[in-house]
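Spelled out, the chains give:
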Amino acid sequence: MYVVTPTHPGFDGTPRPERFDTVADLAVAYLDLLDTLDLKGVMVVGNSIGGWIAAEMALRDNHGRIGALTLLNAVGIHAHMKENRVVDPRTLAPAEVSQLSFANAQFRPDFASFSDAQRAAAVANQKTLAVYGGEGFTYDPKLRGRLHRVTVPVLVVWGEEDGIAPLKYGRGYAGSFPDGHFAPIPDAGHFPQIEQMGRTLGAIADFVSTIVKPDASA
């Protein structure tokens, strides 16, 4: 087993081709990458907008490359009820976004300690994210209605203390897939893989052993 961790074009100083301006463009690019690497049975794991990309990939996977999805506090769908919708981080100061994102203060970044170069990189990443997110920024209003077409098993892992994307939003996300499974992670916010790595990996391992490959451990 090995892991591929690509950097989204336009992030961390990488160029963004002009033709790349939606989350769907990223999804197709990563499916092309799976074709190039000739990988099958891939579990695509994505956090926040990465989860949105993963969902879009599954909708377009006509070569059968993907075997399962794991979405970690993903965005991308639009909640029916206003109180369950994702907070638009563009309306908040960085410190407010940090406070809402992490349940535990020790994990919150200290923006005052950032160098000028780090601040510039963060601003550039946000500008790129705004391009990909489009008008909705954190969602595509049509995505939720398409997820019934995803046939692979999907695990939706959710930090229970997420102030950006609430727990009910996560439950709604999981319920939008025909084979969706939900795993809440206590004492974690928008990044459960950071705040509760052990619990998050445990949820993924259980998903693999009981749902994705139940015969492998028999």
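Our subject in this report is the structure included herewith. (Residues numbered from 1 in each chain as written. Predicted model: local features only at pLDDT ≥ 70, side-chain atom pairs only at ≥ 80, totals over all residues. Heavy atoms only, no water.)

To continue, consider a nonpolar patch on the surface. Nonpolar side chains collect at one region of the surface, where Y2, V4 and L37 lie side by side and expose about 290 Å² of accessible area between them. Judged by relative accessible area, V4 falls into the partly exposed class, the value being 39%. (Patch = residues over 30% accessible without salt bridge, like charges linked within 9 Å, V, L, I, M, F, W, Y side chains within 5 Å. Areas by Shrake-Rupley, 256 points an atom, 1.4 Å probe, with all protein chains shown as cover. Salt bridge = Lys/Arg side-chain N within 4 Å of Asp/Glu carboxyl O. Buried < 20%, exposed > 50% of the residue type's maximum accessible area, 1.4 Å probe, protein only.)

A word on the packing of helix α1 (residues 23–37) against helix α2 (residues 49–60). Look at α1 against α2: their axes get within 8 Å of each other, and the N-to-C directions meet at 65 degrees. Remark: the crossing between α1 and α2 carries right-handed chirality. On α2, the residues touching V23, A24, L26, A27, V28, Y30, L31 and L34 of α1 are I49, W52, I53, E56, M57 and R60. The residue makeup of the contact of α1 with α2, split by class, is 12 nonpolar, no polar and two charged. (Axes fitted to C-alpha atoms, helices over the stretch in contact; angles between N-to-C directions. Helix = DSSP H or I, 4+ residues; strand = E, 2+ residues; numbered from the N terminus. Left-handed = near helix turned anticlockwise from the far one by under 90°. Contact = heavy atoms within 4.5 Å. Nonpolar A, V, L, I, M, F, W, Y, C, P; charged D, E, K, R; others polar.)

Let's shift gears to the pattern of salt bridges. By the definition in use, this model includes six salt bridges. For R65, the salt bridge is made with D35, and the minimal N-O distance between the two is 2.8 Å. Separated by 30 residues along the polypeptide, R65 in the loop between α2 and β2 (66–72) and D35 in helix α1 bring together distant segments of the chain. Relative accessible area serves as the criterion here: at 10%, R65 is assigned to the buried category. Among the ionic contacts, a cluster of salt bridges with common partners joins D35, D38 and R65.

For sheets, the rule is that strands pair by backbone hydrogen bonds, running either parallel or antiparallel. Spatial strand order, β1-β2-β3-β4: four strands in an open sheet with parallel pairing. Edge positions in the sheet fall to β1 (42–47) and β4 (180–185), since each has one partner strand and no second. The mean inter-strand angle of the sheet, taken between neighbouring strand axes irrespective of direction, is 15 degrees. Bridging between β1 and β2 involves six bridges; their strand directions are parallel. From the neighbouring strand, G46 faces β2, where its bridge partner is L71. Here helix α5 (residues 167–175) sits on the sheet and contacts β2, β3 (154–159) and β4; the angle it forms with β4, its principal contact strand, is near 160 degrees. (Pairing = 2+ DSSP bridges.)

This part is about the nonpolar core. Grouped together as the largest cluster of nonpolar side chains are 43 residues, with contacts concentrated most on M57, L69, L71, Y169 and Y173. Elements that contribute at least two residues to this core include exactly α1, β1, α2, β2, α4 (116–133), β3 and α5. Contacts of Y173, omitting those with residues within four sequence positions, involve G51, W52, A55, L71, A74, V75, G76, I77, L143, L147, V156 and W158. (Core = buried A, V, L, I, M, F, W, Y, C linked by side-chain atoms within 4.5 Å.)

Attention shifts here to the pairing of β2. Summarising burial for β2: six of the seven residues are buried, a large majority. Sheet topology places β2 next to β3; four bridges connect them, and they run parallel. Following the sheet pairing, L72 is matched in β3 by V157.

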